[in-house]
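If you want the building blocks of each chain, they are given just below.
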Amino acid sequence: MHIAVVGGGVVGVTTARELIRRGHQVTLLERHDLAGNETSKGNAAQRSYGVVYPWADPSMVFKALPWLFKSDGPLKLRVPPSVQAIKFMFATLRYAWSPGLFGLNKRAMLRLGIHSRERFLALEREHDLSFDGDHKGLLHLASTPEAMDDYRKIHDLLNELGIASQLLTPEQVRTAEPGMTGDGPLYGAISYDTDGTGDCHLFSRALAKVCEQQGATFHYGVEVERLLFDDEKVNGIEYRTRSGELVNLEADAVVVCAGCWSPQLVRPLGLELPIYPIKGYSLTVPLSDPDKAPASTIHDDNLKVVSTRLGNRLRATGFVELADFNRDIPEARIATIKKSVRSRFPGCADLEAAETWTGFRPMTPDGPAIIGRGPRRNLFLNTGHGTFGWTLSAGSASVIAQVIDGEEPAVPLDAFRPGRFQE
């Protein structure tokens, strides 16, 4: 089949690769000039297969409200909030209080995470991809005794699902991460032993080149205007080139992987996707003293900042902000990220020389991504991964390709079904 993929972030590119592997002809449309140049560009750089969880966490509701009023709190809301932001928050609350839903969704996401790790390892064996990638694990630090109590419950669930993890004492944490000499509070950590790291932007570009070498066509700098459809199927895509020319691309099937921009494409077909652009911030800086830097990924639960080693660079990210598509980068946000790094890894880099970034994670109000067949027989969706797009991209690409080919997906997709928000 000739399959059109809309979106050239990491989810779109991995989807294209899976379809090519299965013998399909692929055309990918991307509005940026490079693959992985939007949400994939400056993300947390962690492939956290064992950490994935739904956004709608009932235990987080009471924690989230005080965060709004702390100057360095991880949750921010632009004032006055938009109608879209308010609707998203109330929808999240509704899902958070749906009995049993959080546990079901978390297990579904963890299973997809396990599959995604398998697919990433296969990709890295098959192709020589240069993206500062590794699988040295991830540490979630505990800044309070209560945090360690929570990690013990998580450890039990991970053991049940066969996901390797350990509970570490403060001394064991410092042995695993000798560069962590800062004075931030530490009561231990949970180690996700098989989790990975990597520059998502570099990976997306490298894999896009592989796809093109294997016969795929990538059109960059184009704006998809609309899907062309009738009552039974999608017939193609209308897109606009850099020069303003409108082009109709015919295809046997279409996969929407457009992140925050997915809802507008499928709404005319009667499908409402409540994806909201959750804003995050990051800084990236060369290491001035690698011995003082993290060995892999460290999640500082004190300030909710993730610091990741990317070869000779440090990537640090933080914040969940509801500000619609506002791209401003307030200095206060970057100052909090720097504060976290200094409290854990003092002297590892000249943070004042860091490159700053902001981007939007395509979040669903209940948490799981949107993966499966759409409201036409040849329309498929692989979008809405929120903060876990990098982590789940290889796995979700694999299962959507299986769905397209009429196979039983490797992971049950009930929690990810596209029509669930209208049921």
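For the structure, check the block above.
Just so it is clear, the structure is predicted and the values come from calculations on it, not from any experiment.

(A) Geometry of the packing of helix α1 (residues 10–21) against helix α7 (residues 200–213). Look at α1 against α7: their axes get within 9 Å of each other, and the N-to-C directions meet at 30°. The angle between α1 and α7 falls in the class roughly parallel. In the crossing of α1 with α7, the sense of the turn from one axis to the other is left-handed. Taken together, the residues of α7 that come into contact with α1 (itself represented by V10, V13, T14, A16, R17 and I20) are C200, F203, S204, L207, A208, V210 and C211. Its residues assigned to classes, the contact of α1 with α7 shows ten nonpolar, two polar and one charged.

(B) Structural view of the sheet that holds strand β1 (residues 2–6). With respect to topology, six strands assemble into an open sheet ordered β9-β2-β1-β13-β20-β19, the strand pairing being mixed. At either margin of the open sheet sits one strand with a lone partner, and together these are β9 (217–220) and β19 (370–373). Taken pair by pair, the neighbouring strands of this sheet meet at an average axis angle of 15°, ignoring direction. Where strand β13 (residues 253–256) lies against strand β20 (residues 379–383), three bridges are found, and the strand directions are parallel. Looking across to β20, one finds that V254 is bridged to L379. Taken strand by strand, α1 contacts β1, β2 (25–30), β9, β13 and β20, and its axis lies near 170° from that of β2.

(C) A look at helix α5 (residues 145–161). When the terminal C-alpha atoms of α5 are compared, their 25 Å separation across 17 residues agrees well with the 24 Å that a helix rising 1.5 Å per residue should span. Considered for burial, the residues of α5 that qualify are A147, M148, Y151, H155, L157, L158 and L161. For α5, the secondary structure elements touched by its buried residues are α4 (101–126), β5 (138–141), β6 (165–168) and β7 (189–192).

(D) Representation of the packing of α4 against helix α10 (residues 389–404) in the model. As a packed pair, α4 and α10 sit with axes 7 Å apart at the nearest point and diverge in direction by 85°. On the basis of their axis angle, the class for α4 and α10 is roughly perpendicular. Contact with α4, carried on its side by M109, L112, G113, H115, S116, R119, F120 and L123, involves W390, T391, L392, S393, A394, G395, S396, S398 and V399 of α10 and no other residues of that element. For the contact of α4 with α10, the class distribution of residues is eight nonpolar, eight polar and one charged.

(E) Region of interest: unusual backbone geometry. Between V79 and the following residue, P80, the backbone shows a cis peptide bond with an omega angle of -5°. By secondary structure assignment, the location of P80 is in the loop between β4 (75–77) and α3 (83–96). One non-glycine residue with positive phi stands out, namely F319, at about 80°. By secondary structure assignment, the location of F319 is in strand β17 (residues 313–322). In this structure F319 comes out as buried when scored by relative accessible area, which is 6%. For D324, which is not glycine, the phi dihedral falls at a positive 55°. Residue placement: D324 occurs in the loop between β17 and α9 (331–344).

(F) Structural context of the side chain of S165. Checked against the element boundaries, S165 lands in strand β6. Residue S165 is classed as buried on the basis of its relative accessible area of 11%. A distance of 2.8 Å separates a polar atom in the side chain of S165 from a polar atom in the side chain of H155.

(G) Local environment of the pattern of salt bridges. Under the defined criterion, the tally for this structure stands at 27 salt bridges. We note a salt bridge from E160 to R107, for which the minimum N-O separation is 2.6 Å. Placement of E160 in helix α5 and of R107 in helix α4 is noted, with a sequence separation of 53 residues between them. Exposure remark for R107: the relative accessible area of 26% places this residue in the partly exposed category. The residue E423 makes a salt bridge to R417 at a minimum N-O spacing of 2.7 Å. Residue E423 is classed as exposed on the basis of its relative accessible area of 66%. Classification of R417 by relative accessible area gives partly exposed; the value is 28%.

(H) Focus on the layout of surface pockets. A volume near 620 Å³ is recorded for the second largest pocket. Surrounding the second largest pocket, 23 residues form its lining, Q84, R267, L273, P274 and I275 being those nearest its centre. Counting residues per element, the ones that place at least two in the lining of the second largest pocket are α3, α8 (263–266) and β14 (276–286). No other element matches the seven residues that α3 contributes to the lining of the second largest pocket.

(I) View of the packing of aromatic side chains. Inspection of every chain in the model, using the stated rule, returns 14 aromatic pairs. Note on F325 and F360: the rings are 5.2 Å apart at their centroids and 70° apart in plane angle, and the pair reads as edge-to-face. Separated by 35 residues along the polypeptide, F325 in the loop between β17 and α9 and F360 in strand β18 (residues 355–363) bring together distant segments of the chain. An aromatic cluster of at least three residues, connected via ring pairs, comprises Y49, F120, F131, F203 and W390.

(J) Expanded view of the environment of R344. Note that R344 resides in helix α9. Among residues more than four places away in sequence, those in contact with R344 are L141, S143, G179, M180, T181, G182, G184, P185, L186, D300 and N302. A polar atom in the side chain of R344 sits 3.0 Å from the side chain of D300.

What counts and what doesn't
Residues numbered from 1 in each chain as written. Predicted model: local features only at pLDDT ≥ 70, side-chain atom pairs only at ≥ 80, totals over all residues. Heavy atoms only, no water. Axes fitted to C-alpha atoms, helices over the stretch in contact; angles between N-to-C directions. Helix = DSSP H or I, 4+ residues; strand = E, 2+ residues; numbered from the N terminus. Parallel < 35°, antiparallel > 145°, perpendicular 65-115°, else oblique. Left-handed = near helix turned anticlockwise from the far one by under 90°. Contact = heavy atoms within 4.5 Å. Nonpolar A, V, L, I, M, F, W, Y, C, P; charged D, E, K, R; others polar. Pairing = 2+ DSSP bridges. Expected span 1.5 Å × (residues − 1). Buried < 20%, exposed > 50% of the residue type's maximum accessible area, 1.4 Å probe, protein only. Polar contact = N/O pair within 3.5 Å; in protein donor to acceptor, adjacent residues only side chain to side chain. Salt bridge = Lys/Arg side-chain N within 4 Å of Asp/Glu carboxyl O. 1 Å grid on protein atoms, 1.4 Å probe; cavity = no way out; pocket = protein on both sides within 12 Å on 5 of 7 lines; lining within 4 Å. Points joined across faces, edges and corners; volume = space filled by probe spheres on them. Phe/Tyr/Trp six-rings, centres within 6.5 Å; stacked < 30°, edge-to-face > 60°.

These values are about where atoms sit, not about what they do.
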